[in-house]
Amino acid sequence: MARTLTVAAIQASYGEDLAANIAKTAAFVREAAAKGAQVILPSELFQGPYFCVAQEERWFAEAHPWREHPCVKALSPLAGELGVVLPVSIFEREGPHYFNSVVMADADGSLIGVYRKSHIPDGPGYQEKYYFRPGDTGFRVWATRFGRLGVGICWDQWFPEAARAMTLLGAEALFYPTAIGSEPHDPTLDTAQPWRRAMQGHAVSNVIPVVGGNRTGFEPWPDYPGGGQRFYGSSFISDHRGDLVAELGRDEEGVIVATFDLDFLAAHRAAWGFFRDRRPDLYGSLTEGRPA
């Protein structure tokens, strides 16, 4: 019998009420599980508004050690209850250090470990270097109940090396929780389609399904250009050809679900020869991550 994997992405808007944000995400997790999803991806930093639009020290109080984070403590038992895998995006504090992280909850509710975002952006509207250190975990691939999964975080998705490293480490599907939208320095700049196409390219070059989950909605900020940040949604699931098999619009909230044959993908990946023919003698090894 073929090994199959059913994946889902959640797209939603979020406010400053942590408990409400967790409850909203949990409701969408239940909806996705009811549709057969085995791995369900919430968007980046769903614990609250995307606070990196400006540098305000008050937000450091919202970080927690990863095992104690309210999102992890609420959603890992839900993963066990529903028998699903949840990559939970959080603002992590470890001693004096702060990270943008994903905690992987397996289908029994156990916590497999943490991945810390490797690439940290720093520009208008996305001032993450003020809040987060570059990750120190290396790229991670998680051996979950349903398959080997790689997870990058938002800015990681623009770097082909991250996708290739996770696939070299044995990933069978790639997931990218995201928070991206308007650009305050240039209101005419719309990156929604390049955002998708970059990840669709990862799918093609690694012969692997890719799931991108973004937030949506308008988040008001005082003195911010246009009065706040508008997130463009456009969450999607791509197959190994880069074709979109499920997608959401800019303003929709909800879940999308798709199923893949992992045995077919493994054979197809081998047949294409992208890993057989690579030349690490020319550009070095990308396998310095840490399989879980």
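Residues numbered from 1 in each chain as written. Predicted model: local features only at pLDDT ≥ 70, side-chain atom pairs only at ≥ 80, totals over all residues. Heavy atoms only, no water.

**Structural notes on the packing of aromatic side chains**
For clarity, the threshold we go by: What counts as a ring pair is set by centres within 6.5 Å for rings of Phe, Tyr and Trp (its six-membered ring), and what kind of pair is set by the plane angle: stacked under 30 degrees, edge-to-face over 60, tilted for all other angles. A helix here means a DSSP run of H or I that spans at least four residues, while a strand means a run of E at least two residues long, and both kinds are numbered starting from the N terminus. Each residue gets one of three labels from its accessible area relative to the maximum for its type: buried under 20%, exposed over 50%, partly exposed in between, using a 1.4 Å probe on protein chains only. Note on criteria: charge over ring means Lys NZ or Arg CZ within 6 Å of the ring centre, with the direction from the centre no more than 35 degrees off the ring normal.
Counted under the stated rule, the structure contains 21 aromatic pairs. Measuring from ring centre to ring centre gives 5.2 Å for Phe-91 and Phe-132, while their planes differ by 85°; the resulting arrangement is edge-to-face. Separated by 41 residues along the polypeptide, Phe-91 in strand β3 (residues 86–94) and Phe-132 in the loop between β7 (126–127) and β8 (140–144) bring together distant segments of the chain. You'll find Phe-91 and Phe-132 in the same group, each marked buried. With centroids separated by 4.8 Å and ring planes inclined at 90°, the aromatic side chains of Tyr-130 and Tyr-131 adopt a geometry described as edge-to-face. Exposure remark for Tyr-130: the relative accessible area of 32% places this residue in the partly exposed category. Taking the ring centre of Phe-231 as reference, the NZ or CZ of Arg-215 above it sits at 5.5 Å.

**Notes on helix α5 (residues 262–272)**
Which entries qualify depends on this criterion: An arc is given here, and it is the one of the directions from the helix axis to the C-beta atoms. Polar contacts here mean pairs of N or O atoms no more than 3.5 Å apart (in protein, one a potential hydrogen donor and the other a potential acceptor; neighbouring residues in sequence count only if both atoms are side-chain atoms).
Leu-262, Leu-265 and Arg-269 are the residues of α5 that are buried. Around the axis of α5, the buried residues are gathered within 55° of arc, so they sit on the same side. Turned more than 90 degrees away from the buried face of α5, the exposed residues are Ala-270 and Ala-271. One side-chain oxygen of the residue at the start of α5 lies 3.0 Å from the amide nitrogen of Asp-263, identifying that residue as Asp-261. Two residues or fewer after α5 comes Gly-273, characterised by a positive phi angle close to 80°.

**Let's talk about unusual backbone geometry**
Although it is not a glycine, Cys-154 sits at a positive phi angle of roughly 40°. On the secondary structure map, Cys-154 appears in the loop between β9 (147–151) and α3 (160–168). Its relative accessible area of 8% is what places Cys-154 among the buried residues. With a phi close to 65°, Ser-234 is a non-glycine residue in the positive phi region.

**A closer look at the nonpolar core**
Quick reminder of the rule: To form a nonpolar core, buried Ala, Val, Leu, Ile, Met, Phe, Trp, Tyr and Cys residues must be joined to one another through side-chain atoms within 4.5 Å. Only heavy atoms matter for contacts: two residues are in contact if any of them lie within 4.5 Å across the pair.
Counting residues in hydrophobic clusters, the biggest one holds 64 residues, and the most contacted among them are Phe-51, Phe-91 and Phe-175. Filtering out sequence-adjacent residues up to four positions away, Phe-51 remains in contact with Leu-45, Trp-59, Phe-91, Tyr-131, Phe-132 and Trp-221. Within the second largest apolar cluster, 26 residues are counted, among which are Val-29, Leu-86, Val-88 and Val-103.

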